[in-house]
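# Results of the structural survey
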Amino acid sequence: METLALVFNPLLIVLTAVGVVGGIFVGAMPGLSVTMATALLISFTYSWSTEAALAMMMGIYFGGVYGGSRSAILFNIPGTPSAIATGLDGYPMALQGKAGRAIGLATLQSVIGGVFGVIVMALMAPVVAEFALKFGPFEYFLLATLGILLVGSIGSSSLPRAVVSALLGITFSMVGMDPITGGARFTYGSSSMLGGIHFIVALIGLFGVTEILFQLRLGSAVPVAQMHDKVFPGWRTLAKHWWLTLRASAIGFIIGALPGLGGDIAALISYDHAKRTVRKPTAPFGQGAEEGVVAPETANNAAIGGALVPMLTLGIPGDAVTAVLIGALYVHGLKPGPMLMIDSPYVFKNILVASVWSNIFLVIFGLMAIPLFVRICQIRRGILLPFIYIISVVGAFSIQNRFSDVVWMTSFGFLGYAMRMGRFPVGPMVLGMILGPLMEASFRRAVLLAEGSLVKLLTSAITDPISAVLLAGVLFTLLSSMDSVRRLTNRIAGLFARSSQPQRIER
Amino acid sequence: MKLAWHNARLQALLIAALGGGVLVEAWRLGGFGFTPDSPGRFPLITGVLLLLCAGLIARDGDGKPEPPAADMRMVVGFALLILAFPVVLAFLPFPAASALFMIVGFLWLRAMGWLRAIVTAAIGTAIITVLFQYVFKVVLP
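Residues numbered from 1 in each chain as written. Chains lettered and ligands numbered in written order. Predicted model: local features only at pLDDT ≥ 70, side-chain atom pairs only at ≥ 80, totals over all residues. Heavy atoms only, no water.

### Let's talk about the overall build of chain B
Within chain B, the secondary structure is distributed over five helices and zero strands. When the helices and strands of chain B are placed in sequence order, the string is α-α-α-α-α. Buried positions account for 42% of the 141 residues belonging to chain B. Long-range pairs, those at least 24 residues apart, make up 49% of the contacts in chain B with a sequence separation of at least 6. Carbon and sulfur atoms make up 73% of the accessible area of chain B, which totals about 7,900 Å². (Helix = DSSP H or I, 4+ residues; strand = E, 2+ residues; numbered from the N terminus. Buried < 20%, exposed > 50% of the residue type's maximum accessible area, 1.4 Å probe, protein only. Contact = heavy atoms within 4.5 Å. Areas by Shrake-Rupley, 256 points an atom, 1.4 Å probe, with all protein chains shown as cover.)

Dropping the structure here:
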């Protein structure tokens, strides 16, 4: 009865619908990211109930990931990184006058992938959470480290730069009072810094102001949309791609569940998989193949369910948006991790229900009002950007009603711009700020349990199977990104390849 | 002078300075004494890792510079507007400050003419004020 009341709660349904529309808009607008929208929204939902805030955020998440395909198909400008692969065949379809069919296919495949992800998440999350109960403080420290390293090693061309970014985030998270002794750290005598830097202020700066400045670099040309035809692709078309849909859903979910990998990587891997395995595509890949839209669009929405699993069960984000969602849960007094499913099972139910409604609204809004969305996508950046900055200011101020937060937010915006110009990814910094306190608390607790002996700590880590696997993961990620190790492994692989080749007999 | 964002040595120097700063704070906190619950232990590790990374980045070599901005004056001008906004906000009430920011922003970014900029800024400010103050119940700056 309680669950039914949650499922049909009119307020939550309306908020999810608003979130989906907002998400499609944000996703379709090149330059506006889903992460930015979610980060901004957290500050406004501060006084809302957890259910209402999560409903809207899930709507934005699903709508945003899907919305990116709109501009990729119509303008050849992916609205989000997860729509990059969709544009490879979606835009050629649009050039052939099949934009409507491509949008319809993208919509329905996104929904199928999204529902698949939600179902598997519902089945898997309780199992993972139960397993995660066996984790001790050092395991949590290693898991957080692994998450940050994975984000860095995959999302950036240079691991040291990603590590610096994460360390910067960890340093900022240490500003304020020490969580155990209560002493002031990194405050330099300023009483206003005793409360620390709220990570949402930093998030708004890094994803809002930084993005505004970066969008300005690109100029403000208005994209021209392609004509569109009938939107619904037909049941026969959907049935024709069922096997590819199933595989793409599985790929999307698995990639999404790995910490640090998001819908963009899932979509690209799925596209590549389709290219290699589909023998007779409707058109050659890259020239308007339906399979080139089916695979990435299914995978990037299935990745959402996958990304929610580590977030809900371990408190480790699967991608940037789930990192922000973790922040949202903290804001509402909840601590993501294995105990969340036990202490606050309604949060899990809430996310499930909001995800299902989001997918229903994706079908409705995705297949309707295409001309309106085309007009919205053509709004000049020069009109949008001042609005975004004002909303960012309101968002940053509303968190603690402190003017200094506006200054911090602006400073983080400029820092993020400088970092991106210098090829430093900002994702690990966000993770560092969110996971920093968890890492430090876990590490110090682990050291205390080992009676202050680092040797004892490492010995117990090697002998315990869970921490041994995590430690191996951390070391592997570190070593695999080192050039010298990479060169050595390539040389060994080369030697093996040479020795396995048949010897040529010289005459 | 051109800003060398992609200069690896400059980046390494800045990171090393930051790492040094973190180490100084760790030392101030007494973190060099290895008590298990020392508040300086984590900053100490962070500072050492920053110094190590600075060395690695110095060896990394200069990266490919970002392509030049479509209009650099536009970027710098808007960045200055962003920097000026908190100052303006200290003297004017939020609706007036945000409307002023939007008008100047629209004109600077050449999004529209004077009259449309004033009307759009007025409508935009009204929407933001009503939406956030009365619907989201957010306290405005």
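### Observations concerning the overall build of chain A
Counting its secondary structure elements, chain A contains 23 helices and two strands. Looking at chain A as a whole, 62% of its 507 residues are labelled buried. Nonlocal contacts in chain A, meaning residues at least 24 apart in sequence, comprise 78% of its contacts between residues at least 6 apart.

### A word on the interface of chain A and chain B
Each partner contributes residues to the interface: chain A has 61 residues there, and chain B has 62 residues. For the pair chain A and chain B, the summed buried area comes to about 5,300 Å², and 78% of that belongs to carbon and sulfur atoms. When the buried area of chain A at its contact with chain B is split by residue, A:L216, A:R217 and A:I390 rank highest and sum to 12% of it. At the boundary of chain A with chain B, the tally comes to six residue pairs in polar contact (both at pLDDT 80 or more). Taken together, the elements giving at least two residues each to the side of chain A that touches chain B come down to α8 (159–173), β2 (184–185), α9 (199–217), α18 (381–400), α19 (403–421) and α20 (427–449) of chain A. The dominant element in the side of chain A that touches chain B, judged by the number of residues it contributes, is α18(A), at 12 residues. Here the side of chain A that touches chain B is built from residues that sort into 41 nonpolar, 11 polar and nine charged. (Buried area = accessible area lost by both parts, 1.4 Å probe. Polar contact = N/O pair within 3.5 Å; in protein donor to acceptor, adjacent residues only side chain to side chain. Nonpolar A, V, L, I, M, F, W, Y, C, P; charged D, E, K, R; others polar.)

### What to know about the packing of aromatic side chains
Aromatic ring pairs are described here by two measures, namely the spacing of the ring centres and the angle between the planes. All names here are of chain A. Under the counting rule described, the total for this entry stands at 19 aromatic pairs over all chains. On the numbers, 5.5 Å between centres and 65° between planes, the contact of F214 with Y417 is edge-to-face. With a gap of 203 residues between them, F214 in helix α9 and Y417 in helix α19 connect regions that are remote in the sequence. Assigned by exposure class, F214 and Y417 land together as buried. (Phe/Tyr/Trp six-rings, centres within 6.5 Å; stacked < 30°, edge-to-face > 60°.)

### Re the nonpolar core
Residue and element names in this part refer to chain A. Counting 185 residues, the largest nonpolar core has M121, L308, I351 and Y389 as the members making the most contacts within it. Looking at this core element by element, the count peaks at 15 residues for helix α4 (residues 50–75). Excluding its chain neighbours within four sequence positions, the residues that come into contact with I351 are L54, M58, M121, L308, M311 and L312. (Core = buried A, V, L, I, M, F, W, Y, C linked by side-chain atoms within 4.5 Å.)

### Examining unusual backbone geometry
Residue and element names in this part refer to chain A. Even without being a glycine, Y188 presents a positive backbone phi close to 50°. Along the chain, Y188 turns up in the loop between β2 and α9. Its relative accessible area of 60% is what places Y188 among the exposed residues. Its identity as a non-glycine residue notwithstanding, N401 has a phi of 50°, on the positive side. Residue placement: N401 occurs in the loop between α18 and α19. A residue is classified by how much of its surface remains accessible, and N401, at 40% relative accessible area, is partly exposed.

### Regarding the pattern of salt bridges
All names here are of chain B. Counted under the stated rule, the structure contains 10 salt bridges over all chains. Across the pair E25 and R28 runs a salt bridge whose closest N-O atoms are separated by 3.0 Å. Separated by three residues within a single helix, E25 and R28 lie in helix α1 (residues 8–28), roughly one turn from each other. With relative accessibility at 5%, the residue E25 sits in the buried group. Judged by its relative accessible area of 51%, R28 is exposed. (Salt bridge = Lys/Arg side-chain N within 4 Å of Asp/Glu carboxyl O.)

### Considering the side chain of A:D405
Residue and element names in this part refer to chain A. For D405, the position within the fold is in helix α19. Reaching out from D405, the side chain makes a polar contact with the side chain of Q400 at a distance of 2.9 Å. What D405 contacts, discounting residues up to four positions off in sequence, is V201, A396 and Q400.

### A look at the confidence of the model for chain B
Put simply, chain B has an average pLDDT of 83, and 84% of its residues get 70 or more. Our summary of model confidence lists the complex with pTM equal to 0.79 and ipTM equal to 0.89. (pLDDT = per-residue confidence, 0-100.)

### Examining the environment of A:L431
Turning to its location among the elements, A:L431 is positioned in helix α20. Taking the C-alpha atoms as reference, A:L431 lies 8.8 Å from A:A144; in sequence the two are 287 residues apart.

### Section: the packing of α4(A) against helix α5 (residues 84–95) of chain A
Residues and elements named next belong to chain A. Running from amino to carboxyl end, α4 crosses α5 at an angle of 45°, the nearest separation of the two axes being 6 Å. When the interaxial angle is binned, α4 and α5 end up oblique. Our pair here, α4 against α5, has a crossing hand that is right-handed. Here α4 contributes S69, A72, I73, L74 and F75 to the contact with α5, which in turn contributes T86, G87, G90, Y91 and A94. (Axes fitted to C-alpha atoms, helices over the stretch in contact; angles between N-to-C directions. Parallel < 35°, antiparallel > 145°, perpendicular 65-115°, else oblique. Left-handed = near helix turned anticlockwise from the far one by under 90°.)

### Digging into the confidence of the model for chain A
Of all residues in chain A, 88% have pLDDT values of 70 or greater, and the mean over the chain is 82. The secondary structure element of chain A with the lowest average pLDDT is helix α23 (residues 483–500) of chain A, at 59, and the one with the highest is helix α11 (residues 242–257) of chain A, at 91.

### Some remarks on a nonpolar patch on the surface
A grouping of B:L115, B:V119, B:I123, B:I127, B:V130, B:L131, B:Y134 and B:V135 is seen on the molecular surface, where their side chains present a nonpolar patch of about 780 Å² in accessible area. Take B:I123: it is sitting in helix α5 (residues 114–135). (Patch = residues over 30% accessible without salt bridge, like charges linked within 9 Å, V, L, I, M, F, W, Y side chains within 5 Å.)

### Digging into the environment of A:A266
Residues and elements named next belong to chain A. Position of A266 relative to the elements: it lies in helix α12 (residues 263–277). According to the relative accessible area criterion, A266 is buried, its value standing at 0%. Note: C-alpha distance between A266 and I388 (122 residues apart in sequence) is 29 Å. When neighbours within four sequence positions are excluded, A266 is seen to be in contact with I251, G252, I255, A299 and A303.

### Remarks on the side chain of A:S110
Relative to the elements of secondary structure, A:S110 occurs in helix α6 (residues 99–132). On the basis of relative accessible area, A:S110 is assigned to the buried category, the value being 0%.

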